[in-house]
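The lines below spell out each chain.
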Amino acid sequence: MEAWIQGVMEQFGYVGVFLLIMVENLFPPIPSEVILTFGGFMTTSTDLSIWGVVLASTLGSVVGAIILYGVGSLLDVERLEKIVDRWGHILRLTRADIHKADNWFDKYGIWTVFFCRFVPLIRSLISLPAGMSNMNFGLFVFFTTLGSLIWNTVLIYLGAAVGSQWEVIVHYMDIYSTIAYAVIAIVMIAFIAWFIKSNKKK
């Protein structure tokens, strides 16, 4: 996959960066770390500029996030309630659980969208619950742009700084991703345990 990513970027330049990052948002398994750090390296060996790559990648991030936000908005609270009414007894979910989650996102969604932009995989998927909760679109775009701009700029500058050794950055980002996934798994397990325990009490 890395060879394919490099080929696209070498052939299409800024447009390739934009398309790859947009697709990465829609299909998280595509590693943004490779795209961004290699993009940074390309600024040292081609006519591409750092800020040109930053702009193209951030635009791709925002467009991809907006698409997922739109998908999430199709699964609004009302539709989720219908799903719970039919399958809730199997999923162990009630309408009250949906409203609690929706209220939580209404309260903390802005910062969740921003900070999740720095977490691999989740940085893409967070757009779905944002759309599902009908988060203010303007705020969603603003904080998505801000978080993506920071993430993209850091990795692109790192790629430019190390030049041909850009794969070293990818190695350390893999370690960061592993730690992030482990933390997410622990949090999810703790949440599921708390959820089951709360339902038993009821």
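Keep in mind that what you see is a predicted model, and the values were worked out from it rather than measured.

A separate point is the overall build of the protein. When its secondary structure is counted, the protein shows nine helices and zero strands. Within the protein, the proportion of its 202 residues that are buried is 43%. A total accessible area of about 11,200 Å² is found for the protein, and carbon and sulfur atoms account for 72% of it.

Between helix 2 (residues 32-42) and helix 8 (residues 137-162), the shortest axis-to-axis distance is 6 Å and the interhelical angle comes to 50 degrees. Classed by the angle they form, the pair helix 2 and helix 8 counts as oblique. Crossing geometry of helix 2 relative to helix 8 is assigned as right-handed. Contact residues: helix 2 offers Ser 32, Glu 33, Leu 36, Thr 37, Gly 40 and Phe 41, while helix 8 offers Trp 151, Asn 152, Leu 155, Ile 156, Gly 159 and Ala 160.

In this section: the packing of helix 3 (residues 50-74) against helix 8. For the pair helix 3 and helix 8, the least separation of the axes is 8 Å and the interaxial angle reads 140 degrees. Taken as axis vectors, helix 3 and helix 8 run oblique relative to one another. In the packing of helix 3 onto helix 8, the handedness of the crossing is right-handed. Contacts between helix 3 and helix 8 involve Ile 50, Trp 51, Val 53, Val 54, Ser 57, Thr 58, Ser 61, Val 62, Ala 65, Ile 66 and Tyr 69 from the first element and Phe 137, Phe 140, Val 141, Thr 144, Thr 145, Ser 148, Leu 149, Asn 152, Thr 153, Ile 156, Tyr 157 and Ala 160 from the second. For the contact of helix 3 with helix 8, the per-class residue count stands at 15 nonpolar, eight polar and no charged.

Cut-off values and rules
- Residues numbered from 1 in each chain as written.
- Predicted model: local features only at pLDDT ≥ 70, side-chain atom pairs only at ≥ 80, totals over all residues.
- Heavy atoms only, no water.
- Helix = DSSP H or I, 4+ residues; strand = E, 2+ residues; numbered from the N terminus.
- Buried < 20%, exposed > 50% of the residue type's maximum accessible area, 1.4 Å probe, protein only.
- Areas by Shrake-Rupley, 256 points an atom, 1.4 Å probe, with all protein chains shown as cover.
- Axes fitted to C-alpha atoms, helices over the stretch in contact; angles between N-to-C directions.
- Parallel < 35°, antiparallel > 145°, perpendicular 65-115°, else oblique.
- Left-handed = near helix turned anticlockwise from the far one by under 90°.
- Contact = heavy atoms within 4.5 Å.
- Nonpolar A, V, L, I, M, F, W, Y, C, P; charged D, E, K, R; others polar.

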